[in-house]
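These are the residues of each chain, in order.
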Amino acid sequence: MSVLHTIYFSANGTTKTCAAYIGQHLGLETRTYDWLRCPCSDTLEISGKDVLLLAMPVYGGYIPHICTEMMGYLRGEQTPAILAAVYGNRHYDNALLQMKDILSRQGFVVIAAGAFLAQHSIFPSVAAQRPDEKDRAVMAEFAATCKDLLAGRDEEGWDEITLPGTAGYDASSFRGVPFRPGGDRTCISCGACAAICPCHAIDPANPRETDQNLCMSCGACIAACPAGARNYHGAAYKAAGLVFSQKCAAYRTPELFYAGKKEEK
């Protein structure tokens, strides 16, 4: 039986939730790779007999730069890949296309991709409580279609999938948001935030402060803080939150894409 290799980077838990739900409905033996807690630092080869499920959060229309670096260690053998881009209700822009481009260069064949909604990591009032029941129903539908595609891989294979995005995109064009989380006076100096930070932007000896140049505003430190002492602060943050919440108030729905089956010639 094929093995499903589920890889995700999930600072706030929502990308992990989406990956787990899709993977559960694929019904395959699963190996899980948590790139937040266990960053990939060596070649990971995934057999063509197996399946890759890659779930990534979207930051400014792209996947996090540290994840693109880790994706460089992946190696496939015409291995089928399923993509999930998880975003906070603005847009996923080039994220799916970026993931496909990287994987295609490294021996994977993307057969399906989905853009799914989750509570925004910087402005949590946007897409609050998502993924919701409707999202989970779509993820189950997505997994069911992926199962059908996988069932026919030996007989027919797949045509190249077409994904939305801008040709010639520059993934380095997004330089982050101007907000960084920090600790307040309720900080207990436990070091949980420093331990989880993927960018090493928090000094364990002074965990209330954040290195502005290293932090990528993923919010992992906020989720990990047992005292609830870390968050975004300041008048500029609050003002930006009001504007962003108004612009992104509409209820967006997941978007799904599939590769067509090759026809016999």
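The rules we used
- Residues numbered from 1 in each chain as written.
- Predicted model: local features only at pLDDT ≥ 70, side-chain atom pairs only at ≥ 80, totals over all residues.
- Heavy atoms only, no water.
- Salt bridge = Lys/Arg side-chain N within 4 Å of Asp/Glu carboxyl O.
- Buried < 20%, exposed > 50% of the residue type's maximum accessible area, 1.4 Å probe, protein only.
- Helix = DSSP H or I, 4+ residues; strand = E, 2+ residues; numbered from the N terminus.
- Contact = heavy atoms within 4.5 Å.
- Core = buried A, V, L, I, M, F, W, Y, C linked by side-chain atoms within 4.5 Å.
- Phe/Tyr/Trp six-rings, centres within 6.5 Å; stacked < 30°, edge-to-face > 60°.
- Lys NZ or Arg CZ within 6 Å of the ring centre and 35° of its normal.

It is worth spelling out the pattern of salt bridges at this point. A side chain of one charge can pair with a side chain of the opposite charge if their charged atoms are brought near each other. One pass over the full model with this rule turns up six salt bridges. Residues Arg37 and Asp34 are paired through a salt bridge, measuring 3.5 Å at the closest nitrogen-oxygen approach. For Arg37, a relative accessible area of 55% translates into the label exposed. Using a relative accessible area of 14% as the deciding quantity, one classes Asp34 as buried. In this structure, the salt-bridge partner of Arg90 is Asp93, at a minimum N-O distance of 2.2 Å. Given the relative accessible area of 28%, Asp93 is considered partly exposed. Shared partners join several salt bridges into a network, and the residues in it are Arg130, Asp132 and Asp135.

Bringing unusual backbone geometry into the picture now. Keep in mind that most residues, glycine aside, have a negative phi and that most peptide bonds are trans. The amide bond that connects Arg130 to the next residue, Pro131, takes the cis arrangement and shows omega of 10 degrees. As for its placement among the helices and strands, Pro131 is situated in the loop between strand E7 (108–117) and helix H4 (133–151). A positive phi is found at Gln129, a non-glycine position, where the angle reads about 70 degrees. You will see that His200, though not glycine, has its phi angle at about 55 degrees, which is positive. With respect to the helices and strands, His200 occurs in the loop between helix H5 (192–196) and helix H6 (220–224).

What follows covers the environment of Gly260. With respect to the helices and strands, the residue Gly260 is situated in the segment after strand E10 (255–258). Separated by 101 residues in sequence, Gly260 and Asp159 have C-alpha atoms that sit 5.2 Å apart. Once residues within four sequence positions are removed from consideration, Gly260 is found in contact with Gly157, Trp158 and Asp159.

This paragraph deals with the side chain of Thr15. Following the sequence through the fold, Thr15 ends up in helix H1 (residues 14–26). Non-local contacts of Thr15, meaning those with residues more than four positions away in its chain, are made with Tyr8, Phe9, Ser10, Ala55, Met56, Pro57 and Val86.

If you look at the biggest cluster of nonpolar residues, it comprises 75 residues, and the most contacted ones within it are Phe9, Leu96 and Leu103. No other element matches the nine residues that E7 contributes to this core. Residue contacts for Phe9: discarding those within four places in its chain leaves Thr15, Trp35, Leu36, Ala55, Met56, Pro57, Tyr59, Pro64, Ile66, Cys67, Pro198 and Met216. By size, the runner-up hydrophobic cluster in this structure holds nine residues, among which are Ile122, Phe123, Val126 and Tyr232.

Attention shifts here to the packing of aromatic side chains. Taken as a whole and judged by the stated rule, the model has nine aromatic pairs. Ring centres of Tyr62 and Tyr169 lie 6.0 Å apart, and the angle between their planes is 45 degrees; on these two criteria the pair is classed as tilted. One end of the pair, Tyr62, is in the loop between strand E4 (51–57) and helix H2 (65–71); the other, Tyr169, is in the loop between H4 and strand E8 (182–183), and 107 residues separate them in sequence. With 5.9 Å between their ring centres and 35 degrees between their planes, Phe142 and Tyr258 make a pair best called tilted. Pair noted here: Phe142 is in helix H4 and Tyr258 is in strand E10, with a separation of 116 residues, a long-range link. Here Phe142 falls in the buried class, since its relative accessible area comes to 0%. We classify Tyr258 as partly exposed; its relative accessible area is 29%. Ring-pair connections join several aromatic residues into one group, and the members of that group are Phe123, Phe179, Tyr232, Tyr237 and Phe244. Arg130 extends its terminal NZ or CZ atom over the ring of Tyr251, reaching a point 3.8 Å from the ring centre.

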